[in-house]
Amino acid sequence: MGSGGLTTADPGATPRFAVARATRASTATLILAVPGILLLFALPAFASRVLLQELFYVFTMLALAQLWSLLAGSAGLISVGQQAFVGMGAYALFAFAVVAGLDPVLSVLLAGAVAGLVAIPAALIVFRLRGAYFAIGTWVVSEVCRLILAQVKQLGGGTGTSLPTDVASSMIGLDFVRNLFAVRGPAARDILDYWLALMLAIGTFLLVYRLLRSRHGLALSAIGDSEAAAESTGVDVFRTKFLIYVLTAVATGMVGALIFLQKARISPDAAFSLIDWTAYVIFIVVIGGIGTMEGPIVGVVIFYLLQYYLAALGSWYLILLGGLAIVLMLFAPTGVWGVVSRFFNVSLFPVRRRLIVSGGVADKNETKS
Amino acid sequence: MLGWIDTVLQGILLGGLYSLYATGLSVIFGIMRLVNLAHGDLIVLGAFLILAATSAGVPLAVACVAVVPLMFVVGYALQSVLLNRALGRNILPPLLITFGLSIIVQNGLLETFSADTRRLDVGSLQSASLPLGGGIAIGVMPLICLLSAIAVIVSLNGVFYRTAVGRAFRATSDDVEIAQLMGINNRSIYALTMGIALAVCAVAGFFLGARANFDPSIGPARLLYAFEAVIIGGLGSLWGTLAGGIVVGVAQTVGAHIDPEWQILSGHVAFLIVLVIRPRGLFPRAVD
């Protein structure tokens, strides 16, 4: 970031300044994160199967939320059609693993590529729509994917199909897990699914974090402030948004594939569910705080607790979530993390650059990016 | 050949229903640049309100006439209490508020009326049809629906282009800041707009319930048809919206004629094709 406009009280002294992103809190978080992640990887040694399954759900939802937050919060691409890529990834997994007989873990990776390939023409079409109309356009794309896959009889058509047990138990690394923890087949599958979900959640986090801290992140915040101004300073708005959209689709497709590898059963309605893969995800991001790294983490914890205690209420639970989202949008549009970070002036995963002059912070309000 | 003529004819009539779905959405976008993701669910709400009134013994005609102003009030309140608080450059808050509203309306209906499929009882009109010769006949109800869609558009255009309040609507649509300088209260214009849109939703809800079965879950699909009609027609033109609705309707019946499973898909595909070859729609008027 430049030095323009910097003035000091003493004109004789040479101003010394630096651009920094790390804060004391962020350094502490990084140091604490390492043992925390190691502990999560070691968890299957002493945690119950139920806990691992619950954490699997939390990690996959966290990954989806992180991706949606990048898309809607940072890139301004408000999509209500991300279930298209969850579903395409899930169906690609079944196609590779069941029809083509590939290893399920390898199929998860390939599923991401398929979702990305679908995203390219989808982006070229829906990018013609602006703002709110873009949102419904992505939804139409997802419906088209659902209706087409409901016609594919090899993958179960409209009623869906199950993952054969021999395919599910042929996963690479399963024998290793079985011997390591001395557990039987289904338990070993749970552990492997859990590890994959943990790796995807961490991988997604690092991807989004590094992206936001890169020049693309800088371009994104410029676009967010003013598209015309960003364009005039040399940011290729279309290319940046296109790149983010396709990249997000690849990662979303991999998460979708993993979710349905664990479920071991697929149907068009479940794979392309608006409520499960978009409404819940939006809720997590909105409640936690959109456009930040911390928001989705806070959001997924709150969402999980609400789900755990209130999901039995059925439709009333959904009415409550909808109402909560509306209240938050009206009174705290930056979400829980937005309120907390402003109140305590803390940032655990900073993506914005701050100007530090002569050892002191020049701008306390962290200049945007 | 006659089969195809019949298919296209039925598609045009279906398009009448879709343009009724779409007119409210078109008006809201034209004036506020807002997209209401709860639009489809509010149409279904209209149908359920009429159903509730008739099951309580109110004659159907009275119920229909009463629900239109009721939905107007709901829309006016919705805009002034909720959505006017979220106006601004950022489109995320209003979009997510209407998304939350969609989930609330849908599940509220599910809780109140259960997931059973319903139908409005319109008596002998339900099966009445006009023979056109050559074995082709058109249903009286679908015809009334198309004529109502035209009547709604004619009267809305009358309001927008021939009255003082219509001038205020158009001024707000063209440039909200200049309109405010001229003494127009944009917030009350917005509330009126949402009221009008929901009144049209009530009309659409009646024809939805009279023409086919409905249940609380079908709102989002109606939103998509409405949205496709608006985009195909081109933003800012109500006659364009009617044409857009007919394009979606004909695409659906033609698709269904080839294979019944392709009905919905071919409507969506027609929309995507129009988006590729004419991104601003068939009859664009507004710039945005």
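Nothing here was measured: the structure is a model prediction, and the numbers come from that model.

## Notes on the overall build of chain B
Next, step 1: The secondary structure content of chain B amounts to eleven helices and two strands.
Next, step 2: Counting helices and strands in the order they occur from the N terminus, chain B gives α-α-α-α-β-β-α-α-α-α-α-α-α.
Next, step 3: Rg of the C-alpha trace for chain B: 19 Å, near the compact-globule value of 19 Å for 288 residues, within the 12% margin.
Next, step 4: Dimensions along the principal axes, computed over C-alpha positions, put chain B at roughly 60 × 50 × 35 Å.
Next, step 5: Residues counted as buried form 52% of the 288 residues belonging to chain B.

## With respect to unusual backbone geometry
All names here are of chain A.
Next, step 1: Even without being glycine, Ala 182 reaches a positive phi, approximately 50°.
Next, step 2: Of note, Ala 182 is situated in the loop between helix 7 (174-181) and helix 8 (185-213).
Next, step 3: Using a count of 9 C-beta atoms within 10 Å as the deciding quantity, one classes Ala 182 as exposed.
Next, step 4: Of note, the phi angle at Asn 345 is positive, near 50°, even though the residue is not glycine.
Next, step 5: Among the secondary structure elements, Asn 345 is positioned in the loop between helix 16 (335-344) and strand 4 (354-357).
Next, step 6: Classification of Asn 345 by C-beta neighbours within 10 Å gives exposed; the count is 11.

## Some words on the packing of helix 3 (residues 83-99) of chain A against helix 5 (residues 131-149) of chain A
Residues and elements named next belong to chain A.
Next, step 1: Orientation of helix 3 relative to helix 5, taken along the N-to-C sense of each, is 25°, at an axis distance of 8 Å. Classified by the interaxial angle, the pair formed by helix 3 and helix 5 is roughly parallel. The hand of the helix 3/helix 5 crossing is left-handed. Residues Gln 83, Ala 84, Gly 87, Met 88 and Tyr 91 of helix 3 lie in contact with helix 5, whose contacting residues are Thr 138, Val 141, Ser 142, Cys 145, Arg 146 and Leu 149.
Next, step 2: Split by residue class, the contact of helix 3 with helix 5 holds six nonpolar, four polar and one charged.

## Section: the pairing of strand 1 (residues 129-133) of chain B
Residue and element names in this part refer to chain B.
Next, step 1: Sparse coverage of strand 1 is indicated by the burial of zero of its five residues.
Next, step 2: In this sheet, strand 2 (residues 136-139) lies alongside strand 1 in antiparallel orientation, the contact comprising four bridges. When the sheet's bridge partners are listed, Ser 129 is paired in strand 2 with Gly 139.
Next, step 3: Hairpin geometry of strand 1 and strand 2 is characterised by an intervening segment of two residues between the two adjacent antiparallel strands and by a positive phi of about 70° at Gly 134.

Cut-offs used in this document
Residues numbered from 1 in each chain as written. Chains lettered and ligands numbered in written order. Predicted model: local features only at pLDDT ≥ 70, side-chain atom pairs only at ≥ 80, totals over all residues. Helix = DSSP H or I, 4+ residues; strand = E, 2+ residues; numbered from the N terminus. Rg over C-alpha atoms; globule rule 2.2 N^0.38 Å. Buried ≥ 20, exposed ≤ 12 C-beta atoms within 10 Å, placed from the backbone. Axes fitted to C-alpha atoms, helices over the stretch in contact; angles between N-to-C directions. Parallel < 35°, antiparallel > 145°, perpendicular 65-115°, else oblique. Left-handed = near helix turned anticlockwise from the far one by under 90°. Contact = placed C-beta atoms within 7 Å. Nonpolar A, V, L, I, M, F, W, Y, C, P; charged D, E, K, R; others polar. Pairing = 2+ DSSP bridges.

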